[in-house]
Amino acid sequence: MKRLLSATPVAANRFACRFVRSRPCSTGKWGREMLGYQNNLLRINLSTGIVQAEPLRMDWAKKYIGSKGLAIKYLYEELNPGIDPLSEDNKLIFMTTPLTGTSIPCSGKLSIAAKSPATGTICDCSIGGHAALKIKYAGYDAMILEGKYEKPCYIFIEDTHVEIMDAGQYWGLGAHVTEAMLSELYGHEYSYLTIGPAGETKCGMACINSDYYRQAGRGGMGAVMGSKNVKAVVIKGTGSVKIPNIREACRRIIEIEKENVLQEDNTYVFDTGTTAFLEACQDGGILPKKNFSDTTDDRWTEYNGDVLLKGLEGKRGCGSCGLGCGNFLKLGDVICEGPEYESIAVAGPNVCNADAIKILKSNKVADDMGLDTISAGDTIAWAMEMTEKGIHDFGIHFGEIDKYIEYLELMARAEGIGAELAQGVKRLSEKYGGQDFAMHVKGLEYPQYEPRGSWGMALAYAVSDRGACHMRAYAANEEIFTATAPPYTSEGKGEIVYRMGWWSAVKFSFGICDFWGTITLDLMAEILELVTGEQWTTKELEEIGVRVLNMARAFNQREGFNGKDDTAPKRIFREVLRSGAGAGQKIPEAAFEDMKQQYYKYMGWNEKGIVPEAILEAL
Ligand code: SF4
């Protein structure tokens, strides 16, 4: 507390609010309490200064579990349709799960969700680190930020003690410096969720950082936080999580860890992180090159895992993690955790760069600026192509990696050419042309898996709830990495994307890290019983996954989205790949449409991609 006193509360009469947590009701109209949950939600209205705890909607929790699913349900129920995502009408939700804070492996992920300023769709992001555990130990399953504070602030939370603090001295600083300064002030027992300058300028590519190098990366969640004038959330909890039988749970968790988690199919992430994907994508012909104009890169061995991991200085993992995928690298004078596959590919072959140190540096700068490496990188790659084709001169050419890094900071700070580029490829291509090679869906830029070499990815990007995203249905796994489905056909792709889609929706609603790849539905049902004491069947979990997908689609439908927005860039239909395993491939538009119709059928939607009334009513 002594250190706390050195920070300055803002408008102490209104906001230096200590409050006594209201007791959640144990029974009643919102469902009965469940073990594993805190049955409690913290709501902070930054416009009115009202801070209150309230019972978690357990009737919703039973149907959506937590994290992704429950956050989307809350947003659907609480946001009015058509709101401006950057207005005080939007809400930013931090949602945990009943697993959070227990020693269930890989269960430390936090979902951060809001209406996206990049796409206008629902958006939920899964962020690692330790913040999820701190929220839970502070006594909450979730926090909802509403309204907007009148000037830059940060929110301090320690159990029931909540204060709004002056963040004037941090505004304009990078996310890393901000976290370092706050942890100097409060210490390492707290978790810090911060934004960089990109969040302050309300850039649609702005992310929220935690533990320095963990991000809620996509869809502009950092911009939503910035639009509320919140630079950071500082949180610590001193409580615990109650589960039914801790002795039995510990015994079983140790078994699961040994028998399932610590297997080669998962532990590769400890050994190599996601650098291993680079080789798989190069060999499979889905490593994008030169703004997705082709695939594979002759120079890929100059920046692959062998090169990057020579600089390995240390390892790090998220809370409750049994795998620890984080790699601290030092190459030249650059020290950075990461980079992940996506960040390597976008700052490497996709902009014609093979300098490993510069890839690492671009990752560090983007993270500190609070920018999504994928969207920012794709936008610069598109600008390079626009310049080289003479359509519009953005002052940057392929291969100019120093300028690429310089542009990242300009974009985050909305300065000079960066103010334009910060708009992303959808808005820019509507203004300047180049729409055929503007690689996005619904305004979210493409992840780094070339869909002409893995047709299912084109469908996955098209129907994903937050725009082009590889985390919703990772079809490349079956089409390329395990080669269990043929990649260059529409046949069967609706089923694959449907099955992977509901599966991911369940997993993200459990808050389980995607890198625990061997977890099964049976195991998930067992784990949920271990922490809640209630029985769940695999059928119920599958239904929950499908329900979450429908809930997200219903949100987007209410915002005016439908099947015509489930698109792919024209480049995918018109230009064949010249290199790699998929050389000669493009996706015929009829095949793309066929994949969409297959998927809609599995989901029970009509041919226009509309969720029918009967499904909506049951959500
Ligand atoms: S595998 Fe990596 S991302 Fe997943 S929980 Fe562990 S450290 Fe975090």
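Keep in mind the model is a prediction, meaning the values are calculated, not measured.

Rules used throughout
- Residues numbered from 1 in each chain as written.
- Predicted model: local features only at pLDDT ≥ 70, side-chain atom pairs only at ≥ 80, totals over all residues.
- Heavy atoms only, no water.
- Pairing = 2+ DSSP bridges.
- Helix = DSSP H or I, 4+ residues; strand = E, 2+ residues; numbered from the N terminus.
- Axes fitted to C-alpha atoms, helices over the stretch in contact; angles between N-to-C directions.
- Buried < 20%, exposed > 50% of the residue type's maximum accessible area, 1.4 Å probe, protein only.
- Near = heavy atom within 4 Å.
- Nonpolar A, V, L, I, M, F, W, Y, C, P; charged D, E, K, R; others polar.
- Expected span 1.5 Å × (residues − 1).
- Contact = heavy atoms within 4.5 Å.
- pLDDT = per-residue confidence, 0-100.
- Parallel < 35°, antiparallel > 145°, perpendicular 65-115°, else oblique.
- Core = buried A, V, L, I, M, F, W, Y, C linked by side-chain atoms within 4.5 Å.
- Phe/Tyr/Trp six-rings, centres within 6.5 Å; stacked < 30°, edge-to-face > 60°.
- Domains from an automatic or database assignment.
- Buried area = accessible area lost by both parts, 1.4 Å probe.
- Salt bridge = Lys/Arg side-chain N within 4 Å of Asp/Glu carboxyl O.

Here 6 strands make up an open sheet; going across it, the order is β8-β7-β12-β9-β10-β11 and the pairing mixed. Looking along the sheet, the strands with just one partner apiece sit at the ends: β8 (161-166) and β11 (214-216). Geometrically, the sheet is characterised by an average inter-axis angle of 20° between neighbouring strands, direction not taken into account. With 6 bridges connecting them, strand β7 (residues 153-158) and β8 associate as antiparallel partners. The residue of β8 that forms the bridge with Glu-158 is His-161.

A cis geometry characterises the amide bond from Gly-338 onward to Pro-339, with omega recorded as -5°. Take Pro-339: it is sitting in the loop between β17 (334-337) and α13 (341-347). In the Ramachandran plot, Tyr-212 falls in the positive-phi region, its phi being about 65° despite a non-glycine side chain. Residue placement: Tyr-212 occurs in the loop between β10 (208-210) and β11. Owing to a relative accessible area of 25%, Tyr-212 belongs among the partly exposed residues under this scheme. Backbone geometry places Lys-290, a non-glycine residue, at a positive phi of 50°. Residue position: Lys-290 is located in the loop between β13 (288-289) and β14 (294-295).

This brings us to the sheet that holds strand β15 (residues 312-316). The 3 strands lie next to each other as β15-β16-β17, forming an open sheet whose pairing is antiparallel. Strands with a single pairing partner mark the edges of an open sheet, and in this sheet they are β15 and β17. Sheet twist, expressed as the mean angle between neighbouring strand axes with direction ignored, is 15°.

Every residue near the ligand is listed here: Lys-109, Arg-214, Gly-317, Cys-318, Cys-321, Leu-323, Gly-324, Cys-325, Cys-513 and Phe-515. Here the residues of the shell around the ligand are counted per class, giving 6 nonpolar, 2 polar and 2 charged.

Our focus in this paragraph is helix α22 (residues 521-532). Its 12 residues give α22 an end-to-end C-alpha distance of 16 Å, which sits within 8% of 16 Å, the value for a rise of 1.5 Å per residue. Of all 12 residues in α22, 9 are buried, a share of seventy percent or more. Residues of α22 that are buried include every one of Leu-521, Leu-523, Met-524, Ala-525, Ile-527, Leu-528, Leu-530, Val-531 and Thr-532, and no others. Buried-residue contacts for α22 involve α9 (246-261), α21 (493-510) and α23 (538-558). Positive phi shows up at Gly-533, right after α22, with a value of about 80°.

Attention shifts here to the confidence of the model for the protein. Chain-level pLDDT for the protein is 94 on average; 95% of the residues reach the 70-or-more range. Counted against residues more than four places away or in other chains, residues 1-27, with its pLDDT under 50, gives 76 contacts.

Our next topic: the packing of helix α4 (residues 67-78) against α21. It is the contact of α4 with α21, at a shortest axis distance of 5 Å, that shows an interaxial angle of 90°. Looking at the two axes, α4 sits roughly perpendicular to α21. Along its contact with α4, which presents Ser-67, Lys-68 and Gly-69, the element α21 presents Ala-505, Phe-508 and Ser-509. Its residues assigned to classes, the contact of α4 with α21 comprises 2 nonpolar, 3 polar and 1 charged.

Across soluble globular proteins, you tend to see nonpolar side chains buried next to one another. Formed by 151 residues in total, the largest nonpolar core has its most connected members in Leu-371, Tyr-404, Leu-541 and Tyr-599. No other element matches the 9 residues that α23 contributes to this core. Once residues lying within four places of it in the same chain are set aside, the contact partners of Leu-541 are Ile-65, Val-506, Phe-510, Leu-521, Met-524, Ala-525, Leu-528 and Trp-536. Counting 37 residues, the second-largest nonpolar core is a separate cluster that includes Ile-44, Leu-133, Tyr-149 and Val-162.

Relative to the assigned elements, Ser-454 resides in the loop between β19 (444-445) and α19 (455-463). Since its relative accessible area comes to 0%, Ser-454 is described here as buried. Apart from residues no more than four positions distant in its own chain, Ser-454 is found in contact with Ile-286, Ala-475, Ala-476, Glu-479, Ile-480 and Pro-487.

Turning to the environment of Gly-196, a few remarks are in order. Along the chain, the position of Gly-196 falls in the loop between β9 (191-194) and α7 (197-200). The buried category is assigned to Gly-196, whose relative accessible area is 0%. Through-space distance from the C-alpha of Gly-196 to that of Glu-179 is 10.0 Å; in sequence the pair is 17 residues apart. In this structure Gly-196 touches Leu-173, Gly-174, Ala-175, Lys-231, Asp-368, Met-369 and Gly-370, once residues within four positions along its chain are discounted.

Now for the packing of aromatic side chains. Aromatic ring pairs are described here by two measures, namely the spacing of the ring centres and the angle between the planes. In the structure shown here, the tally under the stated rule is 22 aromatic pairs. Summarising the aromatic geometry, the rings of Tyr-474 and Phe-481 are spaced 5.9 Å apart at their centres and angled 55° between planes, so their arrangement reads as tilted. Seen in terms of ring centroids, Tyr-498 and Tyr-602 are 5.3 Å apart; in terms of plane orientation they differ by 25°. Their pairing is stacked. Pair noted here: Tyr-498 is in helix α21 and Tyr-602 is in helix α25 (residues 589-603), with a separation of 104 residues, a long-range link. Tyr-498 gets classed as buried once you look at its relative accessible area, which sits at 15%. Residue classification places Tyr-602 among the partly exposed positions, given a relative accessible area of 42%.

According to the domain assignment, the protein consists of domain 1 (2-236), domain 2 (268-448) and domain 3 (449-517 + 537-619). Taking only C-alpha atoms, the centre of domain 1 and the centre of domain 2 are 28 Å apart. Tallying the contact residues gives 36 residues for domain 1 and 39 residues for domain 2. Buried surface at the junction of domain 1 and domain 2, both sides included, amounts to about 2,700 Å², of which 53% is carbon and sulfur. Of all residues in domain 1, the largest losses of buried area upon contact with domain 2 belong to Met-205, Tyr-213 and Arg-218, amounting jointly to 31% of the total for that side. Taken together, the connections running from domain 1 to domain 2 amount to 2 salt bridges. Between Arg-218 and Asp-372 there is a salt bridge, and its shortest N-O distance comes to 3.0 Å.

This part is about α21. Across its 18 residues, α21 extends 26 Å between first and last C-alpha, which sits within 8% of the 26 Å expected from 1.5 Å per residue. Phi turns positive, to about 70°, at Gly-511, one or two residues after α21.

So, on to the pairing of β9. On β9, burial covers both faces: Ser-191 and Leu-193 on one face and Tyr-192 and Thr-194 on the other are all buried. The pairing of β9 with strand β12 (residues 230-236) spans 4 bridges and is classified as antiparallel. Bridge pairing in β12 links Leu-193 to Val-233. Bridge analysis of β9 against β10 gives 2 bridges, and the strand direction is antiparallel. Considered in β10, the bridge of Thr-194 is made with Asn-209.

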